[in-house]
Amino acid sequence: MSSSTDLLVIGAGFAGLTAAALAARRGMSTVVVEAHETFGGCAGFFRVGRRTFDVGATTLSAVQSHQPFGRVIEELGLSVDLVRQDVGVSIRMDGATIHRYADIDRWIDECEQHFEGGKGAHRRFWTRVHDVEREIWELLASTPLSPLTSIRSAAALLHPSVLKHVGKATGLVRPVRSMLRRYGLDAGERFRRFLDEQLLISTQNTTYRTPWLTGVMGLAYPADTWYPRGGMMRPALELYRSAQRDGADVLFRRRVTALRRDGMLWHVDMVNTVGENQHHETIVAQNVVSTIPIWNLEGIVHDGVRRWLSTYTQRFSTSWAAITAYLETDTVIQLPSQYLQIHLNSDLPFVASKSIFVTISQDTDVQRTSSGTVMTVSAHVHAKDWEHLSEDEYNRRRVVVEEGILRAVREALPELQHSLRIAGFGSPATWQKYTGRHRGYVGGLPHDIRRPLLMFPPNVTPFSGLYLAGDTVFPGQGTPAVMHGAHTVIRHIAAQ
Ligand SMILES: Cc1cc2nc3c(=O)[nH]c(=O)nc-3n(C[C@H](O)[C@H](O)[C@H](O)COP(=O)(O)OP(=O)(O)OC[C@H]3O[C@@H](n4cnc5c(N)ncnc54)[C@H](O)[C@@H]3O)c2cc1C
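Residues numbered from 1 in each chain as written. Predicted model: local features only at pLDDT ≥ 70, side-chain atom pairs only at ≥ 80, totals over all residues.

Caption draft 1: Representation of the packing of helix H3 (residues 104–114) against helix H4 (residues 121–142) in the model. In contact at an axis separation of 10 Å, H3 and H4 are set at 140° when each is read in the N-to-C sense. Viewed along their axes, H3 and H4 adopt a mutual orientation that is oblique. Handedness of the H3/H4 crossing: right-handed. Of H4, the residues touching H3 (which contributes Ile104, Trp107, Ile108, Cys111 and Glu112) are His122, Arg123, Trp126 and His130. Of the residues in the contact of H3 with H4, the class split is five nonpolar, two polar and two charged. (Axes fitted to C-alpha atoms, helices over the stretch in contact; angles between N-to-C directions. Helix = DSSP H or I, 4+ residues; strand = E, 2+ residues; numbered from the N terminus. Parallel < 35°, antiparallel > 145°, perpendicular 65-115°, else oblique. Left-handed = near helix turned anticlockwise from the far one by under 90°. Contact = placed C-beta atoms within 7 Å. Nonpolar A, V, L, I, M, F, W, Y, C, P; charged D, E, K, R; others polar.)

Caption draft 2: View of unusual backbone geometry. In this structure, Pro475 follows Phe474 across a cis peptide bond, with omega equal to 0°. Tracing the sequence through the fold places Pro475 in the loop between strand E18 (466–468) and helix H15 (479–495). Positive phi values are uncommon outside glycine, yet Asp94 reaches one of about 50°. When you line up the elements, Asp94 lands in the loop between strand E6 (89–93) and strand E7 (96–100). Among the residues examined, Asp94 registers 11 C-beta atoms within 10 Å and is labelled exposed. A positive phi angle, close to 65°, is found at Gln204, a residue other than glycine. Among the secondary structure elements, Gln204 is positioned in the loop between helix H8 (189–202) and helix H9 (212–220). With 25 C-beta atoms packed within 10 Å, Gln204 lands in the buried category. (Buried ≥ 20, exposed ≤ 12 C-beta atoms within 10 Å, placed from the backbone.)

Caption draft 3: Molecular detail of the site of the ligand. What surrounds the ligand is a group of 38 residues, the closest being Gly11, Gly13, Gly41, Gly56 and Gly470. Where the shell around the ligand is concerned, the elements lending two or more residues are helix H1 (14–25), strand E10 (254–262), strand E13 (321–329) and H15. For the shell around the ligand, the leading source of residues is H1, giving three residues. Residues that form the shell around the ligand fall into these classes: 14 nonpolar, 20 polar and four charged. Counting contributing residues per domain, the shell around the ligand is built from domain 1 (2–40 + 66–77 + 230–317 + 443–495) and domain 3 (320–440), each supplying no fewer than three. (Near = placed C-beta within 6 Å. Domains from an automatic or database assignment.)

Caption draft 4: Inspection of the domain arrangement of the protein chain at higher detail. Entries for the protein chain in the domain assignment read domain 1 (2–40 + 66–77 + 230–317 + 443–495), domain 2 (105–217) and domain 3 (320–440). Taken together, the four residues of domain 2 in the interface contact eight residues of domain 3. When grouped by side-chain class, the residues that make up the side of domain 2 that touches domain 3 number two nonpolar, one polar and one charged.

Caption draft 5: Representation of the environment of Pro349 within the structure. One can find Pro349 in the loop between strand E14 (339–343) and strand E15 (355–360). Sequence separation of Pro349 and Tyr434 is 85 residues, and the distance between their C-alpha atoms is 25 Å.

Caption draft 6: Seen up close, the pairing of strand E11 (residues 265–272). Where E10 meets E11, eight bridges bridge the pair, whose relative direction is antiparallel. Each bridged residue has a counterpart across the sheet, and for Arg255 the counterpart in E11 is Val271. Taken together, E10 and the strand that follows it, E11, pair antiparallel across an intervening segment of two residues, in which Gly263 is found at a positive phi of about 65°. For E11 and strand E12 (residues 279–290), the ladder comprises seven bridges, and the chain directions are antiparallel. Directly across from Asp269, in E12, lies its bridge partner Thr282. Taking the residues between adjacent antiparallel strands as the criterion, E11 and E12 are bridged by six residues, where Gly275 takes a positive phi near 80°. (Pairing = 2+ DSSP bridges.)

Given below as structure tokens:
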């Protein structure tokens, strides 16, 4: 079977759904092909009985109209039920509970109470973090920034709205750690541990290596945290419905196996696994937006495209993987925040982070569960610790990690001591199986002073009609960033 379209989008995660919905709204004939049986990707969901679990991503942010998700909500008229979190995240650390308030004055008081630092140091530091974060949002809203791959992208950097921020560019190669020194906060071991774990879940790196400019985004984000009622599947469903209403076809169980250029058109070969007999299909498209990780894309392109892409896959050859545990309890709990970061008292074997991130369903969120509470727990792991294991060894590691997670959550929430159960577990192999992602790498490319953001793969490639979005290309990981990338791509295609 062969058909044709203006635009073909590979993947129905947040990047792919956003690209498809925006393109369809602009009147482009649009087809999305997704290997899995449903949408969402790393921000997807699954059900156990009548309970709905987020698979990975659980927090939303950047929902104001000058920010990526807010822009998409406004442009498409989406209706999403979001609950502002203030406390954005609760952090359990060294026996204390630290509330990450959205209000900056309350947050500074909290820091002064819990962390070392000279008089006024936290005020100066956090005020600067939030000021720079605001300026970066302003810059992103006014200028379609992109890595330097063409004269056009270099010219964009000469725009006055960019030039006034040039002084900040050194923040792309200066680590957060050096700024701690400048603000007199580098002596505090506890504060650094706190920042390291927060940066790990936002920039995928620690204070040593995270560039200051992207570090401020990671440090400020808990002040802008939103809980989607119904789980992450609700905003994803809104994007999916919007795309469909505007005429896009979203085809599930289609795994793209090859992407070939023929004249001005792209031929996209795929395996259709709907029904009992899998078969091959090809869709011909004028434009293709790939939202799959760059390592996966490299495996399905040829010749010049593969050579071009390999410079990036070599530059970004490794990434983080994750383990996830899905917990349930019949007890209903009310907490200051639905988000809880628990610093572990001792290292958890086969886990690389020193904290786990726990998301707890809201007590009134009956779309998630009509009774009790569901939780998604995640932590960083090295893919190599979970690869090539015998079944016995895999199960042994799984049990060690599950027990460690249960212990940590029970300690943090003693009211659940006897009722907490494991409902599911995800390792890098699970992530690879359900999202297809190479080696189960998730969370996007780590932000690193040695490979600054402008060295990320660009959204617009040198190959006419081929575009990239998703969390392994500019501007990186997290749902707001991938929506920003998708928006840039669609604006570019529409302008052609
Ligand atoms: C444990 C965890 C927690 C996270 N927490 C947060 C959070 O709280 N907030 C936040 O904003 N972000 C969070 N993130 C990051 C966020 O989930 C991702 O950056 C984002 O969802 C990536 O979206 P994407 O569309 O780029 O990629 P994906 O979600 O990976 O989507 C790509 C899609 O492509 C499909 N696909 C792959 N190969 C093929 C193929 N050959 N043919 C067709 N389809 C294919 C996959 O099935 C998938 O659906 C978290 C990630 C993880 C793993």
